[in-house]
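Read off the chains here:
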Amino acid sequence: MASTSSFRASSSSSSSTPSIPRTTTYDVFLSFRGEDTRYNFTDHLYSALGRRGIRTFRDDRLRRGEAIAPELLKAIEESRSSVIVFSENYAHSRWCLDELVKIMECHKDLGHDVFPIFYHVDPSHVRKQEGSFGEAFAGYEENWKDKIPRWRTALTEAANLTGWHLLNGYESNQIKEITNSIFRRLKCKRLDAGANLVGIDSRVKEMILRLHMESSDVRIVGIYGVGGIGKTTIAKVIYNKLSCEFECMSFLEDIREKFNTQGVSPLQNQLLDDILMEEESQNINGVGRKASVIEAILLVKRAFIVLDDVDDVDQLEYLLRNRGWLGKGSRVIITTRNKHVLTHQEVDDLYEVKELNSEEACELFSLYAFKQNLPKSDYRNLAYCVVGYCQGLPLALKVLGSLLFNKRIPQWESELNKLDKEPEMKIHNVLKRSYDGLDRTGKNIFLDVACFFKGEDRDFVSRILDGCDFHAERGIRNLNDLCLITLPCNQIRMHDLIQHMGREIVREKFPDEPNKWSRLWDTCDFERALTAYEGIEGIETISLDLSKLKRVCSNSNVFAKMTRLRLLKVHSSSDIDSMYKVIFKDNEEKVYDVVMKNASKMPLGQGFKFPYELRYLRWDGYPLDFLPSNFDGGKLVELHLNCSNMKQLWQGNKDLERLKVLDLSYSRKLSQMSEFSSMPNLERLFLRGCVSLIDIHPSVGNMKKLTILSLRSCDKLKNLPDSIRDLESLEILDLSNCSKFEKFPEKGGNMKSLMQLYLVNTAIKDLPDSIGDLESLDILKLSNCSKFEKLPEKVGNMKSLGLLDLRNTAIKDPPDSIGDLESLVILDISNCSKFEKFPEKVGNMKSLKRLYLENTAIKDLPDSIGDLESLEMLSLSNCPKFEVLPLSLKAIDAHLCTSKEDLSRLLWLCHRNWLKSTTEFDRWQLSAFIPESSGIPEWITYQNLGSEVTEKLPINWCEDPDFPGFVLSCVYRADARGHKLMCELNLHGNGFRFTDRCYYACWCGCHVNFKYPRDVVCVCWYPKTAIPEEHRHKYTHISASFIDRCLLNRKIKKCGINIIFLGDQRNHMPMLEHPQNSGDNGSALQDANGNVHGANQDDEHYHIPTLGLLGNFHDNGSAVLEDTLGNRKRRRDDSLPDVVEEPHYKRLGAPNTDLLL
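Values in this document were obtained by computation on a predicted structure and should not be read as measured data.

Account for the sheet that holds strand 7 (residues 219-224), naming residues and giving values.
Sheet architecture is open: five strands sit in the order 8-9-10-7-11, paired in parallel fashion. The sheet terminates laterally at strand 8 (248-252) and strand 11 (349-352), the two strands that pair on one side only. Strand-to-strand twist of the sheet, defined as the mean angle between neighbouring strand axes without regard to direction, takes the value 10 degrees. Both strand 7 and strand 10 (residues 331-336) contribute to a ladder of six bridges, which runs parallel. What sits directly across from Ile 220, in strand 10, is Val 332. Against the sheet, helix 10 (residues 231-242) contacts strand 7, strand 8, strand 9 (303-307), strand 10 and strand 11, and its axis sits at roughly 165 degrees relative to strand 8.

Right, dumping it as C-alpha cells:
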C-alpha cells in the first residue's frame, strides 16, 4: 500500500471558477490544528510551498478566544486556494471548524480551490464525523448546537474533495508530491480582464468555436475591430478560461506600443519567461538567437499564446513567424485593428468584434453610471440618449458612465447638451468629456501621460510628477477611476483613442502652430516650433527622437526661452541599456556610433542654458564637456546623460537636493565624479561603461538613501573608497567588467542591505572576511575573475545566499563553511581548472538544485553529495571520477567526463528513483549526456546505425502497469562548439499518429580541450502518461529520430528505442558495465548483411537487468537475430552465462517478440 495516496470520493462536489478573476494576496491558505502539526508536518509543508514560489498564509499565533479573528477570514477570501490538514485533533478546535466553514463558503461562491490532506486520519471519519471527529462533536452537543450543522456539512463536503491520505512513509516525498500537485493546479496566470463584462459570454463562445479545441492541429485565429471595441478583453477572458489546459502559455499585451518604443527584444524576453515557466530562463543575446530558442521551445510544446494589438507583420517576424514554429495542438490568438495583418499571417479564421447591441450597451453604461444593470427610472430617457451617442462602443460607455456617476439630472442634461453641440461622432470627443471633469492638476497629469509618460513604470512616473508638485498618487488614482488610464503590472497604460484625444486637446487651440502648444512629441512639430520661435515659452514637455530628426537643428539655444519646460527627453532610437548587454565589442561600438551620430543633429553652443523648471532631463549623446556653468538643477529629480561627451559633471558646486536618479552611463570621457554631498537624496547612480573613470569620490558614503550603484565596465577603476561601507541602504552593487578592479573594501560587510554583488570579470584576488557579514546577500557573482583563488572562511555565514557563481576563476577548493549555505540554490564552479576538491560536508545545502562542475580538476565527490535532497541538475562534463550521485537528479550532464566509473549505473539509479517515486513526471524531464567511452548502458541497445529507427510495439505495451515509458538514445560526434539536438518520438498505426519533440543543447565548448572529437551518448526518457490515453491502443509502431539543429553536419552515429519495465528487480543492478576495449563500446550492432559487431566478451560476473528491450538486440554483449522463418536465435560467446535460464524474465504477448526483464 502506498504511503501517500491521492483519491476522489464517489460523491465529490465541484464548483465552477468565476469568469471574473479576483484580486488575491495569497496562493494558499493553510488550515491546521497547531498542537498536532505546527512544528512538524505543517511547518515542512509551508517551507516547501514557499520554495516553489507559492505565496502561503500561515497563522502562527496560539489561538485563544471564542471567535475566529477577522484577519483570518480576510486572508481566506484573499487566497486562491486552501490546504486543510485534517489531523487527529482538528475537530477539537472550534476555530479550525469555523475556518473550514469559511473556506467551503469561498469554495462555493468564489471558485476557491480546496486541497484536503488526511494526516494519519481516516477520510471516512472526517466525512462521517466518526472516531476522534465524532468524539469532538459529542462535546459540542450541549453548547454549540447552532453551529454543529454547518460544521458537519463543511467536514463532509471537504472530505468528498480530491486530496491526499498520508499513512506512513517518508514525509519529505509526500510533501514534494503535494507541493508539485498544488503548483501545477495554480500555475495558470490569471489576467485582469476588468469588471462588468457585459455581452462578453456570447463573444467568447463564438471565438472558442473558431479555435476548434477538439482538434490536435495547430490553429491561429485573429480578432479584429475598431479601437476600444473589446478585442483585448475577449482575448483575456479566453486566456483565463483555456490557457491552463496547455503546457505553456503567454499573453503578450500591447505589442505595437512596445515594439515601436522598445523594439522586439523585450517582447521576446517576456515570451521566453512565460513559456519556460519554472525552468530557469536562459541568458540569450541577440534577436535572432532568441527567435531560434522560441521556435525550438514552442515546436515541442502545446502552447496557448495571445499576441495583442499587432498592427504590422514585422512585429511577428521574431516572435511567431509562422505556424511552423508551433507544436501539435497549439492555439494562437492575434488581436489587431488591421485586418491585413491577419490575412498576411494566413490565420485559420477571423472574428470581427461587433458593437454591443442596445440592451448590452444600456446594461454596461448603467453599471458604471448607476452601479446597477438598469438605469434609474428618473434617468431612463437621459441614459438612452447617452447609450445612443456611444453607438455600442464599450470604452465610450465606460468613460461616460464614470463621468456621470452620482450626478444630478441638471448635470446630466448639461453634459448631454455639450455632446449635442459636437455632431461629429468621433470617439476622442466622447472621451474628452471625462477630461473636462478633471481639476487643473488632474488635467496636467493626464496630458503628461498622453504626451510623455504612456507605457512607463508607475513608480517612475509618480517620482517625476511628485517633483512637479502634482500629487501623483491622488492624480493617477483619479485617472484610473475615470477609465482614462489602466495600471496593469504597475505600468501607466492608456488606450490609443484616449491618448489621441489628449493630444488633440493640446493641439486644438492652435492646430497649425506647434510653437504655441504646451507639449511636443513629434519630431516634425518640434522642427516647426523652433522655426517659428515665438510663443515657445509655454512649452512644458518635449519628447524628441533624434533618429527621426530630418535636419540639423542650429537653434538649440532656444531651450533657454522655454521657461516652463519641466520634462525634456532628447533620445536616440537605440535601446542603450539592452544593447550594451551584448557581449560582442563591435556591437557596442556600433550602438555608440549610432547614438553619437544622432546626437550630432543637435549641436549646443557655448551659451547654451537649461531652463530652471526642469524635473526630468534625458539627453542621449549630450555634446558638451560639462553641464552649463549656469545650470540650476535645484528642482531636478532625474538626470540621464547616456553616451555623453562629458569629462566632469560640472565645475564648482551645484545644489541637486531633489535629485534621486543620476545616469551617466557610457560617457567615455568622464574621468572623475564631482562631490556627492550636493545630492543627499540620490537613490540610484549609474556609471556603466565610463571607461575613463579612475575613482569614485569618497563623499559617496554620505548618500544614505542610495540603493543601486552600477559601475559595470569602468575599465580604469581599481578600487572603491572605504566610505562605500557606509551605504547602509545599498541593495545592488555592480562592478562587473571593471578589469582593473583589484580589492573589495575590507569592511564592506557593513552594507547590511546589500542583496546583489556583481564582481564578474574583475582583477579581484580574494574577498575580505567581512563579506560573511552581508546577511542579506542573495546573489554573488565572481565568474571570469581569473586571479580569484580563495573564498573567505566566513562565506558560510551568508544565510541568504541563493546563487554563487565562480565560473572561470582560479579557485582551488572552497572552504568547508560553504556547506553551511542553507539557502543556496545554484552553485557554479565550472571551468575552474585548478578546482580539485569539493568540501566533505555539504549535506546542509538542502536548497541546492543546480551544481555545475564541468571542466574542473575535481577527482571525486564526497559521500555527502548524496544528501543533497533538492539537487536536480548536476554537470560533470570533463571531470575524471565520481561514484556517488543524489537520487533526486533529473538531469545529468557528463558528456565529457573521463571517469572510469560506469556512469550508466549511476544514471539508472537516479532515474529509476524518479520513475518509481512518481507517476507524474513531465515529458522529457529526465535526461542525461554521458561519454560513450565511459560505458554504454546495456539498456541502450542500438538498433540502427544512423539517426532514425522504427520498431513494432508489443500488443499490450500500454496496459502493463510496470511499464513507465520509453528511453530514446543516440550516439553522436560532438565538437568544440557544443551541441544542439532535436529528439523526436513518433507513435503511429491504424490511421492515428502521436508526435512529440524535445531539444537538448550544450554550449560549454569543453571539446576544444581534446585533440580529436569525442562521441557522446544522449539519453532521454518519455513517460507513458504523456501519451494521450484516447488512442494509445491504436498505435502499432514507435519511431525515434535525432537531428542536429546546429546545421554543422554533425554525424548521428547510432540511435535506439527501449521499453523500460520496473518489475521484479531481484536486487540486481539494472545495467552492465562494458570494458573500454570491447568492440564498439560494448554495444551490439547488426549491419545490412546480418553480421553482429561490438559484442562484449567479459561480462559473465554481471546479472541480467530487469529491463525490457525492443528490437533485435539484447544485453550482455549478445544479439538476438531472426532467421528467415522468424525463429529467434541468441548469438553469444560461450563464456557468458546461460541467461535463458534466469528466473526473473517477463514475457509480453507480442507475436514473435520476447521482451526480457
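Got a sec to walk through the packing of helix 9 (residues 200-211) against helix 10? Specific residues and values, please.
Viewed as axis vectors pointing N to C, helix 9 and helix 10 meet at an angle of 65 degrees, and their least axial separation amounts to 10 Å. Between helix 9 and helix 10, the crossing angle belongs to the class labelled roughly perpendicular. Here the hand of the crossing between helix 9 and helix 10 comes out right-handed. Note on element contacts: helix 10 touches helix 9 through Thr 233, Ile 234, Val 237, Ile 238, Lys 241 and Leu 242, opposite Ile 200, Arg 203, Val 204, Met 207, Ile 208 and Leu 211. The class makeup of the residues in the contact of helix 9 with helix 10 is nine nonpolar, one polar and two charged.

Can you break down the nonpolar core residue by residue, with the values?
Formed by 141 residues in total, the largest nonpolar core has its most connected members in Phe 446, Trp 619 and Phe 838. Broken down by element, the residue count for this core peaks at eight residues, all from helix 20 (residues 440-453). With residues near it in sequence (within four places) discarded, Trp 619 still touches Phe 559, Leu 568, Val 570, Met 602, Leu 604, Phe 608, Phe 610, His 640, Leu 641 and Asn 642. Counting 50 residues, the second-largest nonpolar core is a separate cluster that includes Ile 238, Val 387, Leu 397 and Trp 412.

Run through helix 9, naming residues and quoting values.
The end-to-end C-alpha distance of helix 9 is 17 Å, a good match for the 16 Å that twelve residues give at a rise of 1.5 Å each. Buried residues belonging to helix 9 abut strand 7, helix 10, strand 9, strand 10, strand 11 and helix 15 (358-369). Of the residues trailing helix 9, His 212 is marked for its positive phi of about 50 degrees.

Report on a negative patch on the surface, specifying residues and quantitative values.
Together, Asp 769, Asp 773, Glu 775, Glu 793, Asp 813, Asp 816, Asp 820, Glu 822 and Glu 836 make up a negatively charged patch on the protein surface. As for its placement among the helices and strands, Asp 769 is situated in the loop between strand 21 (756-758) and strand 22 (779-781).

Any chance you could break down unusual backbone geometry for me, citing the residues and the numbers?
In this structure, Asp 254 takes a positive phi of about 55 degrees despite not being glycine. On the secondary structure map, Asp 254 appears in the loop between strand 8 and helix 11 (255-262). The phi torsion at Asn 761 lies on the positive side, around 60 degrees, for a residue other than glycine. In this fold, Asn 761 is placed in the loop between strand 21 and strand 22. In this structure Asn 761 comes out as partly exposed when scored by relative accessible area, which is 34%.

Basis of the calculations
Residues numbered from 1 in each chain as written. Predicted model: local features only at pLDDT ≥ 70, side-chain atom pairs only at ≥ 80, totals over all residues. Heavy atoms only, no water. Pairing = 2+ DSSP bridges. Helix = DSSP H or I, 4+ residues; strand = E, 2+ residues; numbered from the N terminus. Axes fitted to C-alpha atoms, helices over the stretch in contact; angles between N-to-C directions. Contact = heavy atoms within 4.5 Å. Parallel < 35°, antiparallel > 145°, perpendicular 65-115°, else oblique. Left-handed = near helix turned anticlockwise from the far one by under 90°. Nonpolar A, V, L, I, M, F, W, Y, C, P; charged D, E, K, R; others polar. Core = buried A, V, L, I, M, F, W, Y, C linked by side-chain atoms within 4.5 Å. Buried < 20%, exposed > 50% of the residue type's maximum accessible area, 1.4 Å probe, protein only. Expected span 1.5 Å × (residues − 1). Patch = residues over 30% accessible without salt bridge, like charges linked within 9 Å, V, L, I, M, F, W, Y side chains within 5 Å. Areas by Shrake-Rupley, 256 points an atom, 1.4 Å probe, with all protein chains shown as cover. Salt bridge = Lys/Arg side-chain N within 4 Å of Asp/Glu carboxyl O. Lys, Arg positive; Asp, Glu negative; His and termini not counted. Charge placed at Lys NZ, Arg CZ, Asp CG, Glu CD.

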